[in-house]
Structure formats: C-alpha cells, structure tokens
Amino acid sequence: MSTEAIIDRSTFHKGGRTGILLIHGLGGTPVEVRVIAQGLARAGFTVYCCQLAGHCGTAEQLQKSNGQQWYASVEAAHARLKQECDVVLAGGLSTGALLAMHLAHNHPKDVNGLLLFSPSIILNGWAMPWYMPYLHYLRPWMVTIEMNLTEREPYGLKDERIRSMVVNGMKSGDSKETGFFFTPLRTMLHFNSLAAIVRRELNEIETPTLIVHPREDDVASLSNALEIQRKMSGLVELVVLEDSYHMVTLDKQRNLVLDRTIGFAQSIERRHAASNEVPVRRSRRSAS
C-alpha cells in the first residue's frame, strides 16, 4: 500500500459574506472547477474548492477511499465556509454535484442554494461502454476483484484544445493535477452506493437549485438532470448546453456556465438579504 502523503490541492478565495463550495468529480481534482471558482471570486464571492479524500494522490489511494470519506471532506469544507459566510451555496461537477445534494439534504438550513454541473446519478452517456448499465447495480461488498475501468475519448471535453491539454497532462504523469485515464472498479462501486442514497433523498430536498447539463453529455445523459428536476421539491432552474460535453466547467461554454452561476448565486444572495432585511455587502476583486 502506498504511504505517500497526498498534497492538499484545495483552493480558498476570500471574498464577501456569501460563500460557494465547489466539489470536483470522481477521480478528478479541484482543477476541474478552477475556472468557475476564479470567476466567482472576481465577482466578490468567497469560494472554496475542496479536495475529496483519496483524490490527487496515487491510484491505490483513490481505490482505497470510499463515499463516506468523500462526503466527510465536503462536510469539513462546508463547516469552514459557515465560519466565514452568512449565505452558503454548494455545488459540484458530476459526482461532486451528488455530494452537494447530499449535503443540502443533511443541512437544509445551512445550504442556501445548489449548483449542479452535469449531475450524474447513472453513467449512461453516449460514450459509456456497453456494460455500464449492468455495473450500475453492483455495490462494493459484492465484488472482490480489483481492476481499472479505462476511460474513453472524448474524456468529457468537446473543446479539442482543452482536451489535448488534459490528455497531455495525464500522459506526462501529472495525474495529481489532471486525474487518471481510468477509474478503479471499487471507486465506481462506491459511486453507485452514493448515487442510490441521493436518488432516495431527492424529493426531500427543497433547496433552490441551478442545474447546468449538456444535451450531448458523453458520460451522463440529460436524463439525469431531468430526473433531478422532476423529483426535487424546491425550485429548479435547468440550463441545457448545446455545445459542450460532460466537463461543462472546462468545456466550450464554460463562460456561459460561469455567467449563469454568478447570476443564480446573486439571486440567492438577494433573497437571503430580503428575508433578513439587511443590505447586500460584498467586496469585489480585480481579475488576476
């Protein structure tokens, strides 16, 4: 077993009293949400991109982590933001979106809004292998073998330039920044367990929600977003992207994703200010 310490690649941007927690995807890194985080920080928000347990290390460390540990990372990040901010939104990419929903379910009064980027309950996108629907029903305790599931082109990215950068990063051994070419089977089965929990919780979540999902998602089809929108009990705004694949926070329409995210976060901020009869005071930062 690897004993190498995992470097914490989380990022924290100090801003105003409205905080936004951003959570990367399964087997990914905080780099996946960096563009959105930097844009939100420039708009004056406090932003925390947390790193999930077992991630940004070796493949063995990822394989030995589990859903409870990933969620514990989110809980700790949320607690830090609550110390800094009066209003907190939680969001994430793919599996990160599931973790954000689970957090909102467990803390309905302390998560004021949800930002769901390509939320993935079932991996049924057009680039997924034929066996993925069968794999969906497996749980970690059902399987004793260890193997890796190889990822395929286009790796969630329609933007060929960004895709080339990510692929070159993985080929160069910079997987601790860009992730791996594969997902350990056991990691995928822990994802299945988490997705099953969140699916049962959906109709109890009343948190105002923004969903941004591509129409041509290669990893998790648009049906994921539609199911979440249909089952959640609160107001849900759905934005369907026409020129992106799964990694919407990095892909061709990332600026549109940022604009809609800022607008939604500002609307939550105004709603909170109105309900508490206090003015919105938020610092603005210059672009860096």
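These numbers were taken from a predicted model, which means no experiment stands behind them.

1. Points about the overall build of the chain
Link 1 in the chain: Assigned secondary structure in the chain consists of 10 helices and nine strands.
Link 2 in the chain: The C-alpha atoms of the chain give 18 Å as radius of gyration, which agrees with the globular expectation for 288 residues (19 Å, within 12%).
Link 3 in the chain: Seen along its three principal axes, the alpha-carbon backbone of the chain occupies a region of about 55 × 40 × 40 Å.
Link 4 in the chain: For the chain, buried positions account for 58% of its 288 residues.
Link 5 in the chain: A fraction of 80% describes how many contacts in the chain between residues 6 or more apart in sequence connect residues 24 or more apart.
Link 6 in the chain: Within the structure as shown, the chain displays about 12,600 Å² of accessible surface, and the carbon and sulfur contribution to it stands at 51%.
Link 7 in the chain: Of the charged side chains in the chain, 31 are positive and 29 negative, and the gap between their average positions amounts to 3 Å.

2. Describing the pattern of salt bridges
Link 1 in the chain: Per the counting criterion, the structure on display carries 10 salt bridges.
Link 2 in the chain: A salt bridge links Glu84 to Lys14; the nearest nitrogen and oxygen atoms lie 2.5 Å apart. You can see Glu84 sitting in helix H3 (residues 67-84) and its partner Lys14 sitting in the loop between strand S1 (11-13) and strand S2 (18-23), a full 70 residues away along the chain.
Link 3 in the chain: Residue Lys231 is joined to Glu227 by a salt bridge in which the shortest nitrogen-to-oxygen separation is 2.8 Å. Separated by four residues within a single helix, Lys231 and Glu227 lie in helix H9 (residues 223-231), roughly one turn from each other.
Link 4 in the chain: With a relative accessible area of 33%, Lys231 lands in the partly exposed category.
Link 5 in the chain: By relative accessible area, Glu227 is classed as buried at 9%.
Link 6 in the chain: Salt bridges sharing partners connect three or more residues here, namely Arg199, Glu227 and Lys231.

3. Section: helix H1 (residues 34-42)
Link 1 in the chain: All of the buried residues along H1 are Ile36, Ala37, Gly39, Leu40 and Ala41.
Link 2 in the chain: Phi turns positive, to about 105°, at Gly44, one or two residues after H1.

4. Notes on the packing of aromatic side chains
Link 1 in the chain: Counted by the stated rule, this structure contains four aromatic pairs.
Link 2 in the chain: Note on Phe12 and Tyr48: the rings are 5.5 Å apart at their centroids and 70° apart in plane angle, and the pair reads as edge-to-face. With a gap of 36 residues between them, Phe12 in strand S1 and Tyr48 in strand S3 (residues 46-50) connect regions that are remote in the sequence.
Link 3 in the chain: Residue Phe12 is classed as partly exposed on the basis of its relative accessible area, which comes to 24%.
Link 4 in the chain: Accessibility expressed as a relative area gives 12% for Tyr48, which makes it buried.
Link 5 in the chain: With centroids separated by 5.4 Å and ring planes inclined at 75°, the aromatic side chains of Trp126 and Tyr245 adopt a geometry described as edge-to-face. Placement of Trp126 in the loop between strand S5 (113-117) and helix H5 (132-135) and of Tyr245 in the loop between strand S9 (236-241) and helix H10 (254-276) is noted, with a sequence separation of 119 residues between them.
Link 6 in the chain: Judged by relative accessible area, Trp126 falls into the partly exposed class, the value being 49%.

5. Some details on the state of the cysteines
Link 1 in the chain: Counted under the stated rule, the structure contains zero disulfides.
Link 2 in the chain: Cys56 takes part in no disulfide bond, and the closest cysteine sulfur to it belongs to Cys50, at a distance of 10 Å.
Link 3 in the chain: A relative accessible area of 7% places Cys56 in the buried class.

6. Description of empty space enclosed by the protein
Link 1 in the chain: Counted according to the given criterion, the structure contains two cavities of 30 Å³ or more.
Link 2 in the chain: The computed volume of the second largest cavity comes to approximately 40 Å³.
Link 3 in the chain: Along the walls of the second largest cavity sit Ile122, Leu123, Met132, Leu135, His136, Met188, Phe191 and Asn192, which together make up its complete lining.
Link 4 in the chain: Looking at the lining of the second largest cavity residue by residue, the class counts come to six nonpolar, two polar and no charged.

7. Overview of the side chain of Arg254
Link 1 in the chain: Considering the arrangement of structural elements, one finds Arg254 in helix H10.
Link 2 in the chain: Residues within four places of Arg254 in sequence aside, it is in contact with Val35, Ile36, Asp159, Arg161, Ile162, Val248 and Thr249.

Cut-offs and rules
Residues numbered from 1 in each chain as written. Predicted model: local features only at pLDDT ≥ 70, side-chain atom pairs only at ≥ 80, totals over all residues. Heavy atoms only, no water. Helix = DSSP H or I, 4+ residues; strand = E, 2+ residues; numbered from the N terminus. Rg over C-alpha atoms; globule rule 2.2 N^0.38 Å. Buried < 20%, exposed > 50% of the residue type's maximum accessible area, 1.4 Å probe, protein only. Contact = heavy atoms within 4.5 Å. Areas by Shrake-Rupley, 256 points an atom, 1.4 Å probe, with all protein chains shown as cover. Lys, Arg positive; Asp, Glu negative; His and termini not counted. Charge placed at Lys NZ, Arg CZ, Asp CG, Glu CD. Salt bridge = Lys/Arg side-chain N within 4 Å of Asp/Glu carboxyl O. Phe/Tyr/Trp six-rings, centres within 6.5 Å; stacked < 30°, edge-to-face > 60°. Disulfide = S-S within 2.5 Å. 1 Å grid on protein atoms, 1.4 Å probe; cavity = no way out; pocket = protein on both sides within 12 Å on 5 of 7 lines; lining within 4 Å. Points joined across faces, edges and corners; volume = space filled by probe spheres on them. Nonpolar A, V, L, I, M, F, W, Y, C, P; charged D, E, K, R; others polar.

Everything listed here is a matter of coordinates, which is why it stays silent on function.
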